[in-house]
Amino acid sequence: MNSYYPFVNTPLPYAYNALEPFIDEKTMHLHHDRHLQTYIDNLNKVLEENPALQRFSLEELLTVWRRLPCRLQNPVRNNAGGVFSHRFYFNGMKEPAAPCSAPVLFREMTCRFGSPENFKALFKEAALSVFGSGYAWLVREHAYYLKHYNMRAAYIDAWFHVVNWSQAERRFCV
Ligand SMILES: [Fe+2]
């Protein structure tokens, strides 16, 4: 997986037809070879025209774009984001029959969402509500237990008392 300019479209970690019948081979070709390739080409073009950005890794580009001149912010954020999200997505799938096991994650899903099935329903709802391509992410939340259990509103109210706004501003201005 190359993470520096010039970016190349690394091969899928499985065959194009490996996800059949759930995702068809034709879609995988189009999505990987055309759509992801377009993000990669556009990102390379921006970096080619702005050599000072070539020293940043893909992940770094996703954090430094805010510091860039206005005209570069959207092209860098959108294209680096497109490359990162697609790679994350493609690398997060496997052949349907390939064994996999995630007991810790599924236990956590049960704790947080009632059951893995319920998590899937909520994830689907979130993905459907997103404008555009509809990427939804499961992100590990910072725990607000033990004191607040699952009372998030109470936790948030309490948390405002301990926010380091100076630090928040420093990060904001990076
Ligand atoms: Fe896509």
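The preceding data block contains the structure.
All figures in this text were calculated on a predicted structure; none of them were measured in a lab.

This part is about the nonpolar core. Phe7, Tyr14, Met28, Leu43, Leu53, Leu61 and Val76 are the most contacted members of the largest nonpolar core, which has 24 residues in total. Where this core is concerned, the elements lending two or more residues are helix 1 (25-49), helix 2 (58-64) and helix 3 (70-91). What Val76 contacts, discounting residues up to four positions off in sequence, is Val46, Leu53, Leu61, Trp65, Leu68 and Gly81.

For the rest of this paragraph, the subject is the pattern of salt bridges. This model, assessed by the stated rule, comprises two salt bridges. Measuring nitrogen to oxygen at the nearest pair gives 3.1 Å for the salt bridge that ties Arg112 to Glu108. Highlighted residues: Arg112 and Glu108, both in helix 4 (residues 103-113), separated by four residues, approximately one helical turn. What makes Glu108 partly exposed here is its relative accessible area of 28%.

All right, on to the coordination of the iron ion then. His31 (NE2) and His86 (NE2) make up the full set of protein donors to the iron ion, lying at 2.1 Å. Taken together, the positions of His31 in helix 1 and His86 in helix 3 put the pair 55 residues apart, joining distant regions of the chain. Exposure class is identical for His31 and His86. Each is buried.

Residue placement: Phe123 occurs in helix 5 (residues 116-129). On the accessibility criterion, Phe123 (30% relative accessible area) is partly exposed. Residues Phe123 and Leu138, 15 residues apart in the sequence, show an inter-C-alpha distance of 7.9 Å. Setting aside anything within four residues of it in sequence, one finds Phe123 in contact with Ala136, Trp137 and Leu138.

This brings us to the packing of aromatic side chains. For any pair of aromatic rings, the description rests on two quantities: the centre-to-centre distance and the angle between the ring planes. Enumeration according to the criterion identifies four aromatic pairs in this entry. With a centroid separation of 5.4 Å and 40° between ring planes, the pair formed by Phe119 and Phe123 is classed as tilted. Separated by four residues within a single helix, Phe119 and Phe123 lie in helix 5, roughly one turn from each other. For Phe119, a relative accessible area of 11% puts it in the buried group. Taken together, Phe113, Phe119 and Phe123 form an aromatic cluster joined through their ring pairs.

Our next topic: the side chain of Asn44. Inspection of the secondary structure puts Asn44 in helix 1. Once residues within four sequence positions are removed from consideration, Asn44 is found in contact with Tyr5, Pro6 and Phe7.

In this section: the packing of helix 1 against helix 3. Close contact between helix 1 and helix 3 brings their axes to 9 Å; oriented N to C, the two are set at 145°. Handedness of the crossing formed by helix 1 with helix 3: left-handed. For the pair formed by helix 1 and helix 3, the contact residues are Met28, His31, His32, Leu36, Tyr39, Ile40, Asn42, Leu43 and Val46 on the first element and Leu72, Pro75, Val76, Asn78, Asn79, Ala80, Gly82, Val83, His86, Tyr89 and Phe90 on the second. Grouping the amino acids of the contact of helix 1 with helix 3 by side-chain chemistry returns 13 nonpolar, seven polar and no charged.

A few words now on a nonpolar patch on the surface. Taken together, the side chains of Leu105, Phe106, Phe123 and Leu138 define a hydrophobic patch exposed on the protein surface, amounting to about 320 Å² of accessible area. Considering the arrangement of structural elements, one finds Phe106 in helix 4.

Let's shift gears to helix 3. The end-to-end C-alpha separation of helix 3 is 32 Å, in line with the 32 Å expected for 22 residues at 1.5 Å each. Listed as buried for helix 3 are Leu72, Gln73, Val76, Asn79, Ala80, Gly81, Gly82, Val83, Ser85, His86, Arg87 and Phe90. Here the buried face of helix 3 lies against helix 1 and helix 2.

Parameters and conventions
Residues numbered from 1 in each chain as written. Predicted model: local features only at pLDDT ≥ 70, side-chain atom pairs only at ≥ 80, totals over all residues. Heavy atoms only, no water. Core = buried A, V, L, I, M, F, W, Y, C linked by side-chain atoms within 4.5 Å. Buried < 20%, exposed > 50% of the residue type's maximum accessible area, 1.4 Å probe, protein only. Helix = DSSP H or I, 4+ residues; strand = E, 2+ residues; numbered from the N terminus. Contact = heavy atoms within 4.5 Å. Salt bridge = Lys/Arg side-chain N within 4 Å of Asp/Glu carboxyl O. Donors = N, O, S within 2.8 Å, 3.2 Å for Na, K, Ca; no water. Phe/Tyr/Trp six-rings, centres within 6.5 Å; stacked < 30°, edge-to-face > 60°. Axes fitted to C-alpha atoms, helices over the stretch in contact; angles between N-to-C directions. Left-handed = near helix turned anticlockwise from the far one by under 90°. Nonpolar A, V, L, I, M, F, W, Y, C, P; charged D, E, K, R; others polar. Patch = residues over 30% accessible without salt bridge, like charges linked within 9 Å, V, L, I, M, F, W, Y side chains within 5 Å. Areas by Shrake-Rupley, 256 points an atom, 1.4 Å probe, with all protein chains shown as cover. Expected span 1.5 Å × (residues − 1).

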